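What follows is each chain in one-letter form.
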Amino acid sequence: MDNPIKKLNKDFESRVRLGVMSVLSVNEWVDFNTLKDLLEVTDGNLASHIRSLETNGYLEVKKQFVARKPKTSYNITQKGKRAFGEHLSALESLLQ
Amino acid sequence: MKKTEKHLHDLNEIRQIMERSTKFLSLSGWAGILAGILAILGTAAAFLYLDNRAISYETLLTLPQGDTASAPLSFLIADAMIVLVLALSGAVFFSYRKAKKSGEKIWSPVTKRLLFQLAVPLVTGGILVLILAGQRNVHLVAPFTLVFYGLALVNAGKYTTREIVWLGIAEITTGLAATGWSQHGLWFWGAGFGIYHIIYGITLYHKYDRKTVTHG
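Residues numbered from 1 in each chain as written. Chains lettered and ligands numbered in written order. Predicted model: local features only at pLDDT ≥ 70, side-chain atom pairs only at ≥ 80, totals over all residues. Heavy atoms only, no water.

Once that is clear, we can look at the overall build of chain B. Assigned secondary structure in chain B consists of eight helices and zero strands. Element order for chain B, N to C, with α for helix and β for strand: α-α-α-α-α-α-α-α. Counting only C-alpha atoms and orienting by the principal axes, one finds that chain B spans roughly 80 × 30 × 25 Å. Within chain B, contacts between residues separated by at least 24 positions form 77% of all contacts whose residues are at least 6 apart in sequence. Summed over all atoms, the accessible surface of chain B reaches about 12100 Å², with 69% contributed by carbon and sulfur. Positive and negative side-chain charges in chain B, numbering 20 and 12 respectively, have mean positions lying 11 Å apart. (Helix = DSSP H or I, 4+ residues; strand = E, 2+ residues; numbered from the N terminus. Contact = heavy atoms within 4.5 Å. Areas by Shrake-Rupley, 256 points an atom, 1.4 Å probe, with all protein chains shown as cover. Lys, Arg positive; Asp, Glu negative; His and termini not counted. Charge placed at Lys NZ, Arg CZ, Asp CG, Glu CD.)

Below is the structure:
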């Protein structure tokens, strides 16, 4: 028998990582400060969670300069989309 | 079961974050109600003015452009502009207040997207109407402001609450009817910008504003 709990992705257990994936799954290229405002978290906290998502290959990073200020934006990868989609389906099937 | 609660909480949070990051949710019902009242006052002012000069809107449309027509036309344009500026200021004020209350940021990427989607049809319609007025097609001004305003609202529907799409469709329909019966353009204008906004505002207030008030 398939156990849906096993399909829950440990990478998305934290509230912040779940939030980042939610925002990126419906928006293209979101910058750091917008994410910070949407999720209401501190710089350091967000940065460390983003790094772990990036290491897992769930999101891609773009660094650019806008008005001489560095701006870092994030986009979800195919792998991230798939992983997050599976996590969502697992959550839903657990609640049925 | 505790686990189930956490999963439910997670799903709810995901849904909320998705909505908050793609939609501007700080549009207030009060802005719609205020815009509607202003438009009705503006329409009443237009009728009173024309009445005082003993010309009807219908005859104004057929007057050749010149001294007799230019004063009433200037009055109508100024009247509409004042309504527009006051209604927009009201919308900004009430949105700002609502965003502040709910702790949302008013100037976000979503706001920019929403404004862009509104601006394209509105600016196009505005320029078109000015050209038409200059070419003595005054009868098309009131209907076309309704049509393009409606298009702007439908266009913006993706980035805010869905009710705005229904308001947009109502405005487009009324604008098309007003094009067909352009001699009654002022009445259609008053209905479209006045009455519809009030209905929309009340709907929005009942659905969203009241909830935030009762939850503190």
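Our focus in this paragraph is the interface of chain A and chain B. Taken together, the contacts link 20 residues of chain A with 16 residues of chain B. Here chain A meets chain B over a buried area of about 1600 Å², counting both sides, of which 69% is carbon and sulfur. Across the contact surface, chain A and chain B share one salt bridge. Ionic pairing is found between R15 of chain A and E13 of chain B, a salt bridge with its closest N-O pair at 2.8 Å. (Buried area = accessible area lost by both parts, 1.4 Å probe. Salt bridge = Lys/Arg side-chain N within 4 Å of Asp/Glu carboxyl O.)

All chains considered together, the criterion is met by nine aromatic pairs over all chains. Measuring from centroid to centroid gives 5.7 Å for F12 of chain A and F84 of chain A, while their planes differ by 90°, and the two rings are edge-to-face. A residue pair is termed long-range when its members are at least 10 positions apart, and F12 of chain A in the loop between α1 (4-7) and α2 (15-26) and F84 of chain A in helix α5 (residues 78-95) qualify at 72 residues. A ring pair is formed by F47 of chain B and W187 of chain B, whose centres lie 4.7 Å apart and whose planes are at 40°; its orientation type is tilted. With F47 of chain B in helix α2 (residues 29-52) and W187 of chain B in helix α8 (residues 185-214), this pair connects stretches of sequence that are 140 residues apart. Classification of F47 of chain B by relative accessible area gives partly exposed; the value is 26%. Each member of the aromatic cluster is reached from another via a ring pair, and the members are F12, Y58 and F84 of chain A. Lying over the aromatic face of W29 of chain A, K62 of chain A brings its terminal NZ or CZ to 4.4 Å of the ring centre. (Phe/Tyr/Trp six-rings, centres within 6.5 Å; stacked < 30°, edge-to-face > 60°. Buried < 20%, exposed > 50% of the residue type's maximum accessible area, 1.4 Å probe, protein only. Lys NZ or Arg CZ within 6 Å of the ring centre and 35° of its normal.)

Before going further, it helps to spend a moment on the confidence of the model for chain B. In the predicted model, chain B carries a mean pLDDT of 89, and the fraction of residues at 70 or more is 95%. The complex model carries a pTM of 0.81, and its ipTM stands at 0.84. (pLDDT = per-residue confidence, 0-100.)

This part covers the pattern of salt bridges. Taken as a whole and judged by the stated rule, the model has four salt bridges over all chains. The shortest N-O distance in the salt bridge between D43 of chain A and K36 of chain A comes to 2.8 Å. Exposure remark for D43 of chain A: the relative accessible area of 42% places this residue in the partly exposed category. We classify K36 of chain A as partly exposed; its relative accessible area is 23%. Its salt-bridge partner being E163 of chain B, residue K207 of chain B comes within 2.6 Å of it at the nearest N-O pair. Note that K207 of chain B is positioned in helix α8 and E163 of chain B in helix α7 (residues 163-180), a separation of 44 residues in sequence. Look at K207 of chain B and you get partly exposed, because its relative accessible area is 43%.

All right, on to the pairing of strand β3 (residues 69-76) of chain A then. Both faces of the sheet carry side chains from a regular strand, because those side chains alternate between them. Residue and element names in this part refer to chain A. Across two bridges, strand β1 (residues 30-31) lies against β3 in antiparallel orientation. Along β3, the bridge assignment pairs V30 with Y74. Judged from the eight bridges that link them, strand β2 (residues 59-66) and β3 form a sheet pairing that is antiparallel. Paired with Q64 across the strands is K71, a residue of β3. Where β2 folds back on β3, the antiparallel hairpin that results is connected by two residues, among which A67 adopts a positive phi of roughly 50°. (Pairing = 2+ DSSP bridges.)

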